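Fold and geometry: a report
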Amino acid sequence: MPVRPSIAGIDSPDRLAEVLRDAQYIADEGLSTAGYLALALGKPLLLEGAPGVGKTEAAKAIASVLGRGLVRLQCYEGIDASAAMYEWNFPRQMLAIRQAGEDFINLYGDEYLIARPMLQALQNPRQTVLLIDEIDRADPEFEAFLLEFLSDFTLSIPERGTLRAEEHPVVVLTSNRTRELHEALRRRCVYHWIDYPAPALEAQIVMMRASTVAERTAAAVVAAVNRLRAEPLAKPPGVAETVEWAEAATLLNAQGAAWPTAFARAIGVALKDQDDVSYVAPGLDALLAEVAA
Ligand SMILES: Nc1ncnc2c1ncn2[C@@H]1O[C@H](COP(=O)(O)OP(=O)(O)OP(=O)(O)O)[C@@H](O)[C@H]1O
Ligand SMILES: [Mg+2]
């Protein structure tokens, strides 16, 4: 079996939270515990949550604190093994056959193998964090491809045999839960549901990510966003929208728009669906006046 990943210095959930914060990512106790356990046990980390709660960013921050590069596999409908694992360079093989004439050539050497993200992570486990992003967009059959990799960190290439990672690669999977994932996939991972952050944490995130925003503005935006999230919206604002709304309103305020008008005028960075905008419009001024008071 490959050895567990080297995660020098990260010896507790608190320590992970601390270094993530240095990398501009705020993790609550649930996330830092799941992340720590995934690293310490050498298991993939499966993060589920609504859009914009910081799933992808969590993987980037983990790569950054480990001093590794992020190899990202963006999933989509129809993604297959050749996009995720490896491909044979067919034109190059053809060329080699033509040039070889009567000579014997090995068409399955490294020079003909194109490594896609999963093979890249397997070949270079110590320097990479593999992000399998938005796995719920892939077809359910694609998950079956992942199972062998996620449990043994091996890949079978029929022409080459089974390739094995020297060390467990660090793997983060994300899902927006547009569909349920296979039981078999879940079983192989440490699971964590990322919720919208608690208001105090979200205000910290806003100020960390947007240095121009004053504490009062951050608190007001977080309160407004939480009220909007309680409404039945098609696209409730994520953390990115909170940050941008605070930034945009701060900009308009600096140009002379009074509070809470600055928030109202910048609503297009918080809500990005016309039905949602119309839905909240009648009560928006009152809501903003209340949170900006
Ligand atoms: N805990 C956090 N600490 C710091 N920044 C955060 C945090 N959560 C979210 N953010 C901010 O929100 C942005 C959006 O996060 P991210 O893209 O990771 O969301 P996501 O969950 O992957 O969304 P989607 O499902 O739409 O892909 C990040 O770029 C970052 O600025
Ligand atoms: Mg994402």
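Residues numbered from 1 in each chain as written. Chains lettered and ligands numbered in written order. Predicted model: local features only at pLDDT ≥ 70, side-chain atom pairs only at ≥ 80, totals over all residues. Heavy atoms only, no water.

Notes on empty space enclosed by the protein
For the structure on display, the rule yields one cavity of 30 Å³ or more. Counted as a void, the largest cavity has a volume near 80 Å³. Lining the largest cavity are P5, G35, A38, L39, G42, K43, L45, I62, P169, V170, V171 and V172. Secondary-structure elements contributing two or more residues to the lining of the largest cavity are helix 2 (29-41) and strand 8 (170-175). When its residues are assigned to classes, the lining of the largest cavity shows nine nonpolar, two polar and one charged. (1 Å grid on protein atoms, 1.4 Å probe; cavity = no way out; pocket = protein on both sides within 12 Å on 5 of 7 lines; lining within 4 Å. Points joined across faces, edges and corners; volume = space filled by probe spheres on them. Helix = DSSP H or I, 4+ residues; strand = E, 2+ residues; numbered from the N terminus. Nonpolar A, V, L, I, M, F, W, Y, C, P; charged D, E, K, R; others polar.)

Quick notes on the pairing of strand 5 (residues 128-133)
The element strand 5 is largely enclosed, with a buried count of six among its six residues. Alternating residues of strand 5 divide into T128, L130 and I132 and V129, L131 and D133, and every residue in both groups is buried. Strand direction decides the pairing type here: strand 2 (residues 69-74) and strand 5, joined by six bridges, are parallel. Looking across to strand 5, one finds that L70 is bridged to V129. Where strand 5 and strand 8 come together, four bridges link them in parallel fashion. The residue of strand 8 that forms the bridge with L130 is V171. (Buried < 20%, exposed > 50% of the residue type's maximum accessible area, 1.4 Å probe, protein only. Pairing = 2+ DSSP bridges.)

A look at the sheet that holds strand 1 (residues 45-49)
The strand order 2-5-8-1-9 describes an open sheet built from five strands, whose pairing is parallel. Looking along the sheet, the strands with just one partner apiece sit at the ends: strand 2 and strand 9 (190-194). In this sheet, neighbouring strand axes are inclined to one another by 20 degrees on average, regardless of whether the strands run parallel or antiparallel. This element, helix 3 (residues 55-66), spans strand 1, strand 2, strand 5, strand 8 and strand 9 of the sheet and lies at about 170 degrees to strand 8. Across the sheet, helix 7 (residues 140-152) is in contact with strand 2, strand 5 and strand 8; its angle to strand 8 comes to roughly 155 degrees. (Axes fitted to C-alpha atoms, helices over the stretch in contact; angles between N-to-C directions. Contact = heavy atoms within 4.5 Å.)

With respect to the packing of aromatic side chains
Applying the stated criterion across every chain yields a total of six aromatic pairs. Ring geometry for W88 and Y108: centres 4.8 Å apart, planes at 75 degrees, overall edge-to-face. Of this pair, W88 sits in strand 3 (residues 86-88) while Y108 sits in the loop between helix 5 (90-100) and strand 4 (113-115), and the two are 20 residues apart along the sequence. A relative accessible area of 16% means that W88 is categorised as buried. The rings of Y86, W88 and Y108 are connected pair by pair, giving a single aromatic cluster. (Phe/Tyr/Trp six-rings, centres within 6.5 Å; stacked < 30°, edge-to-face > 60°.)

What to know about the pattern of salt bridges
Enumeration according to the criterion identifies 18 salt bridges in this entry. Among the charged side chains, a network of salt bridges with common partners joins E48, R177, E180 and R186. (Salt bridge = Lys/Arg side-chain N within 4 Å of Asp/Glu carboxyl O.)

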